[in-house]
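Coordinates in review
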Amino acid sequence: MKYDIFFAGVGGQGILTIGEVLAEVAHYKDIPANFYPSKGMAQRGGFVKAQLRLGRENVGPNIPQRGADMVIAMEQSESLKAIPFIKPGGDFVLYSDIWAPTAVALGKAPYPTFAQITEQVKLAGARLVHIDPGQLPEYAGELVHANLYVLGVIMGQTALGTLIRSEDVEHIIQTRFKRNTEANSFAYRSGLGMPLVVS
Amino acid sequence: MKKLITGNEAIAYGALRAGVKAVTGYPGTPSTGCLSSLLAMDLVDTHVEWSVNEKVALEVATGVAWSGHRALCTMKMSGLNVAYDTLISVAYSGCDGGLVVYVADDPGASAGMCEQDSRSFAVMADMPMLEPATVAETYELTKFAFELSERIKGPVFLRLVTGIADSYAEVEIEEPVLVSQAAPLLIKDIQRYTKAGAVIATNQHRDLIQRLEQAGQITDEAKINKLSLSRKPGGLGILASGIAAAYLEEGFEAAAPFGFNREDVSTLEIKVVHPFPAAEARKMLAHCQTILILEELEPLIERGMYVEAQRMGYRGKITGKLDGVFSRIGEYGVPQVVQGIESVLRLGIPENLLSGNTQALKLAAARPITVCAGCPHRGTYIAIDKAIKKLRLKKNEVMVTGDIGCTILGMNPPFDLIWTEISMGASVSLAQGYVHAGVKTPVIATIGDSTFFHAGIAGLVNAIQHQIDLTLVIMDNRWTAMTGMQVNPGTPCNNGASTYQEIDIARIIPALGIEHFWTVDPFDVEETAGVIHQAMTLPGVKVVLARQECAIQAQRQGKQAGKVHVVEENCNLCKLCLMVTGCSAFSLGANAIEIDPELCYGCGVCIETCHHDALVAEEV
Ligand code: SF4
Ligand code: SF4
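Residues numbered from 1 in each chain as written. Chains lettered and ligands numbered in written order. Predicted model: local features only at pLDDT ≥ 70, side-chain atom pairs only at ≥ 80, totals over all residues. Heavy atoms only, no water.

This part is about the overall build of chain B. Helices and strands together make up the secondary structure of chain B, namely 21 helices and 23 strands. Against the globule reference of 25 Å for 620 residues, chain B gives a C-alpha radius of gyration of 28 Å, in line with a compact fold. Structurally, chain B occupies a C-alpha span of about 85 × 65 × 55 Å along its principal axes. With 620 residues in all, chain B has 57% of them scored as buried. Residue pairs at least 24 apart in sequence account for 77% of intrachain contacts in chain B once pairs closer than 6 positions are excluded. When the accessible surface of chain B is split by element, carbon and sulfur atoms take 53% of a total near 25,100 Å². The centroid of the 50 positive side-chain charges in chain B is displaced by 6 Å from the centroid of its 69 negative side-chain charges. (Helix = DSSP H or I, 4+ residues; strand = E, 2+ residues; numbered from the N terminus. Rg over C-alpha atoms; globule rule 2.2 N^0.38 Å. Buried < 20%, exposed > 50% of the residue type's maximum accessible area, 1.4 Å probe, protein only. Contact = heavy atoms within 4.5 Å. Areas by Shrake-Rupley, 256 points an atom, 1.4 Å probe, with all protein chains shown as cover. Lys, Arg positive; Asp, Glu negative; His and termini not counted. Charge placed at Lys NZ, Arg CZ, Asp CG, Glu CD.)

Below, the structure is given as structure tokens:
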């Protein structure tokens, strides 16, 4: 199996954590992997991207354009930066959260509409898997972590779910985050579309 | 044990496996993770420190190596420039214990700064330089670098690029080797360890050249570079340096459907980027009809290849940057492999095989980075802005020089204050030049605390000596923040566990004889603006120390400056608060501005920007 994932979002959303979890799953299951996060600087709210390359022994960190089997984007405008990288026929997963830059909030700069993104995804020949931030569930009265929910959706609805096992993803989530284990499981499983198994 | 680690960590583990006695460095993206991972290990027998700057770091490491022990020194490419004065001397002298200098370059400049190709520094210092193509190779080459250094008795460079330094991959890690407790060698030999006089210096130069030659022999024997000649002579030969080699296989796969046959191609994967692998290069030239060279940034290997080709009377073609096929800008990847193959073999590979729709990028909203919610620098910038206005001047009339680190974010909206960024500590010296040039309006220099200690202090001393009229604003957030929160000499060591001595900038400035010196709280914007305004009207060197801890680091320690909330009835959504502060804790609600309580640090800087009393501080 060779499978490449390109991530795009902004700092503070936890998008790099999705990549880290998947890289750890690969490590756990002896799948060769290279995970290359680019977080830029310490500040929150800046563009972050990452690239996960699964299944190649000797591999460079950068996915070529038109080379990603899947894009995971967690900010509407930043998702556009991933468009050149999606493979025709690939899965373009968009969690359409909006982090408006100040100039946009002040009405001084434009911000791309959802329809514009859809059009670009279509032009790239990819399949859009849209996750509306409004559908994020609550656990014990608080919204769950969007990244784990998104990870669940990915495992449930994209080809990645057939390449690695959901149990392994959940195992890594459980070992990686010692706190709020139930809430994390709930977030992940809600995304996966599985009912929560109360233990 | 197999571990998932970054290239930076691979160097750290490789050094531990080599029994490293001391590791020194200065933070700099993308090299930081190496030393910070070692610090986090709380090692007992290995000394690990963030030094005040790279030059000092290298000198500390050199002392260890000259005493016969192993030392590692880490830095980014800009830091190497700072350390270089020392490095040339150390290269001349050589060393007894293994001395490895790790430098991280950033093709594509993803961390800002520059696309400096530090391989040229290896050429200038006549020092061997090793460069792995993957994270796993990084670990192996680190161990080898220490051996090589001790065999030639000279320092060795290890170079990574961002894509490897920050990448995670699985590496087989061995147990660390026990650190030698041998008594330090105390070698008194002025012929080696001083530079006084032409005889000493030229003898050392001769030895240096010999060491480099010897390094070439050792790396040849150890077969560090990977040469693979095709069964049939003739055909294409590809030289790929460092990370470029990691893309070969994938490029070959992409070209295969167009008739490319991997079996017909010879490859040389170069991991010893200096000295030039002449023997292997000659084998390639003797075997291949055409040569393709894949290397990021400067055509260093390519030039070496032209030289060997000339010496051999090679009649084939060499393709790379010098014939205009590749660019000296940016990272390499699979597309360069394919493009190179196509330009040489003309297989009819379509140009857009690996190029996607970049039109989409034009639709993306601009996202200039700004300071974090609650960042103390926000208050300082707003205060500088106010001080300029109080003097009835405009922003484009007042020169404000900037420096490296989070403080540079004053160049972006909503502040738009900073005009320049050069290098660590340069703001205060550059400002003096503007004054000499005859700028009539007050000149301001801004600098962070770590940057001040690193190199800014010398510029300040110069300003005082030459009695320049300027205002220096030291924005002391107590941490080296932008690289991910490292300690610097001014970081408070209040956690009891730290083993260093804090140095207080507030005590340094008066000791330099500066009369006009104020310490202010940047969260008190009025006071800060008043002080900066006053400073701008006075003659001579004035220093304003704006001191408040980095909000991110403070919040990590559970601190909170206060609590600010919105009185919805009072807010008329004029957005003035957002316009002035650009704070990311704000968002637009339906009827009023909203503050995200998770992001807001309660710094209070926004409160007075509102003319309708809609932002109020809560008692905490
Ligand atoms: S108090 Fe105001 S400026 Fe400070 S962090 Fe909160 S919202 Fe931002
Ligand atoms: S990391 Fe700290 S110093 Fe840097 S912008 Fe954020 S709050 Fe300010």
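Quick look at the overall build of chain A now. The helix and strand inventory of chain A stands at seven helices and eight strands. For chain A, whose C-alpha radius of gyration is 16 Å, the value lies close to the compact-globule estimate of 16 Å for 199 residues. Taken over the C-alpha atoms alone, chain A extends approximately 50 × 45 × 30 Å along its principal axes. Counting all 199 residues of chain A, 56% fall into the buried class. Sequence separation of at least 24 residues holds for 62% of the intrachain contacts in chain A that already meet a minimum separation of 6. As presented, chain A carries roughly 8,100 Å² of accessible surface, and 51% of it is formed by carbon and sulfur atoms. Averaging the locations of the 18 positively and 18 negatively charged side chains of chain A gives two centres separated by 6 Å.

What follows covers the site of ligand 2. The environment of ligand 2 is made up of twelve residues, and the closest members are Cys372, Cys375, Cys406, Asn477 and Cys550 of chain B. At ligand 2, the nearby residues belong to more than one chain, namely chains A and B. (Near = heavy atom within 4 Å.)

So, about helix H15 (residues 376-390) of chain B. Residues and elements named next belong to chain B. Its 15 residues place the ends of H15 21 Å apart at the C-alpha level, agreeing with the 21 Å of an ideal helix rising 1.5 Å per residue. Tucked inside the fold, the buried residues of H15 contact strand E16 (444-448), strand E17 (470-476), helix H19 (525-537), strand E19 (541-547), helix H20 (551-556) and helix H21 (576-581). Looking one or two places after H15, you find Arg392, whose phi comes out positive at around 60 degrees. (Expected span 1.5 Å × (residues − 1).)

Taken together, the 51 residues of chain B in the interface contact 48 residues of chain A. When chain B packs against chain A, the two sides together hide about 4,300 Å² of surface, and 56% of this comes from carbon and sulfur. In terms of surface lost to chain A, no three residues of chain B exceed Tyr168, Leu363 and Arg367 of chain B, which account for 17% of the buried area on that side. The interface formed by chain B and chain A contains five salt bridges. When the shortest N-O distance is used, the salt bridge between Glu75 of chain A and Arg367 of chain B registers 3.0 Å. At the junction of chain B with chain A, the criterion picks out 16 residue pairs in polar contact (both at pLDDT 80 or more). Elements supplying a minimum of two residues to the side of chain B that touches chain A: strand E1 (2-6), helix H7 (162-165), strand E8 (168-172), helix H10 (248-255), helix H13 (334-345), helix H14 (359-363) and H21 of chain B. The class makeup of the residues in the side of chain B that touches chain A is 30 nonpolar, eleven polar and ten charged. Of the pairings in the sheet, the one linking strand E2 (residues 33-38) of chain A to E8 of chain B comprises two bridges and is antiparallel in character. Each residue of the ladder has a partner; that of Phe35 of chain A, found in E8 of chain B, is Tyr168 of chain B. (Buried area = accessible area lost by both parts, 1.4 Å probe. Salt bridge = Lys/Arg side-chain N within 4 Å of Asp/Glu carboxyl O. Polar contact = N/O pair within 3.5 Å; in protein donor to acceptor, adjacent residues only side chain to side chain. Nonpolar A, V, L, I, M, F, W, Y, C, P; charged D, E, K, R; others polar. Pairing = 2+ DSSP bridges.)

Residue and element names in this part refer to chain B. For helix H2 (residues 32-40), every residue scored as buried is listed here: Thr32, Cys34, Leu35, Ser37 and Leu38. Contact partners of the buried residues in H2: helix H1 (7-17), strand E2 (22-25), strand E3 (47-50), strand E4 (71-76) and strand E5 (99-105). With its phi angle positive at about 50 degrees, Asp42 sits one or two positions after the end of H2.

This brings us to the packing of aromatic side chains. All names here are of chain B. According to the stated counting rule, one finds eleven aromatic pairs over all chains in the structure shown. Aromatic side chains Tyr381 and Phe415 sit 4.8 Å apart centroid to centroid with 40 degrees between the ring planes, which places their arrangement in the tilted category. Of this pair, Tyr381 sits in helix H15 while Phe415 is found in the loop between strand E15 (400-401) and helix H16 (426-436), placing the two residues 34 residues apart along the sequence. Look at Tyr381 and you get buried, because its relative accessible area is 1%. Owing to a relative accessible area of 3%, Phe415 belongs among the buried residues under this scheme. Where Phe523 meets Tyr601, the ring centres are 6.1 Å apart and the plane angle is 65 degrees; that geometry is what we call edge-to-face. (Phe/Tyr/Trp six-rings, centres within 6.5 Å; stacked < 30°, edge-to-face > 60°.)

Turning to the pattern of salt bridges, a few remarks are in order. The tally for this structure, following the rule as stated, stands at 45 salt bridges over all chains. Between Lys81 of chain A and Glu78 of chain A there is a salt bridge, and its shortest N-O distance comes to 2.6 Å. Across the salt bridge formed by Arg159 of chain B and Asp117 of chain B, the nearest N and O atoms sit 3.5 Å from each other. With Arg159 of chain B in strand E7 (residues 156-161) and Asp117 of chain B in the loop between E5 and helix H5 (119-125), this pair connects stretches of sequence that are 42 residues apart. Here Arg159 of chain B matches Asp117 of chain B in class, with each residue buried. Connected via shared salt-bridge partners are Asp105, Asp117, Arg119, Glu131, Arg159 and Glu295 of chain B.

Positionally, Ile468 of chain B belongs in the loop between helix H17 (449-465) and E17. As a C-alpha pair, Ile468 of chain B and Lys542 of chain B span 74 residues in sequence and 9.5 Å in three-dimensional space.

All names here are of chain A. Two elements in contact, helix H1 (residues 15-28) and helix H6 (residues 166-176), have axes whose closest approach is 9 Å; the angle formed by their N-to-C orientations is 115 degrees. Considering the angle they form, H1 stands roughly perpendicular to H6. When the axes of H1 and H6 are compared, the crossing they make is right-handed. In contact with Thr17, Glu20, Val21, Glu24, Val25 and Tyr28 of H1, H6 contributes Asp168, Val169, His171, Ile172, Ile173 and Arg176. Considering only residue class, the contact of H1 with H6 consists of six nonpolar, two polar and four charged. (Axes fitted to C-alpha atoms, helices over the stretch in contact; angles between N-to-C directions. Parallel < 35°, antiparallel > 145°, perpendicular 65-115°, else oblique. Left-handed = near helix turned anticlockwise from the far one by under 90°.)

A word on the state of the cysteines. All names here are of chain B. Taken as a whole and judged by the stated rule, the model has zero disulfides over all chains. In this model Cys610 remains outside any disulfide bridge; the closest cysteine sulfur is found in Cys574, 6.2 Å from its own. Cys610 gets classed as buried once you look at its relative accessible area, which sits at 17%. (Disulfide = S-S within 2.5 Å.)

Ordered by their spatial adjacency, eight strands build an open sheet running E6(A)-E5(A)-E4(A)-E1(A)-E3(A)-E2(A)-E8(B)-E1(B), and the pairing between neighbours is mixed. A strand with exactly one partner marks an edge of an open sheet, and here the two such strands are strand E6 (127-131) of chain A together with E1 of chain B. Going across the sheet, the axis of each strand differs from the next one's by a mean of 20 degrees, ignoring polarity. In this sheet, strand E4 (residues 68-73) of chain A lies alongside strand E1 (residues 3-10) of chain A in parallel orientation, the contact comprising four bridges. Within E4 of chain A, the position partnered with Phe6 of chain A by the bridge is Val71 of chain A. Taken strand by strand, helix H6 (residues 135-152) of chain B contacts E2 of chain A together with E1 and E8 of chain B, and its axis lies near 45 degrees from that of E8 of chain B.

Another point: the domain arrangement of chain B. All names here are of chain B. Each assigned domain of chain B is listed with its residue range as follows: domain 1 (2-221), domain 2 (226-359), domain 3 (376-554) and domain 4 (563-618). In this structure, domain 1 and domain 3 have C-alpha centres spaced 33 Å apart. Summed over both partners, the interface of domain 1 with domain 3 buries about 850 Å², with 66% contributed by carbon and sulfur atoms. It is Tyr26, Val52 and Met113 that lose the most area in domain 1 upon contact with domain 3, and together they represent 48% of the buried surface on that side. Applying the counting criterion to the domain 1 and domain 3 interface returns zero salt bridges. For the pair domain 1 and domain 3, the number of links is three residue pairs in polar contact (both at pLDDT 80 or more). Of the residues contributing to the side of domain 1 that touches domain 3, the split by class is six nonpolar, four polar and one charged. (Domains from an automatic or database assignment.)

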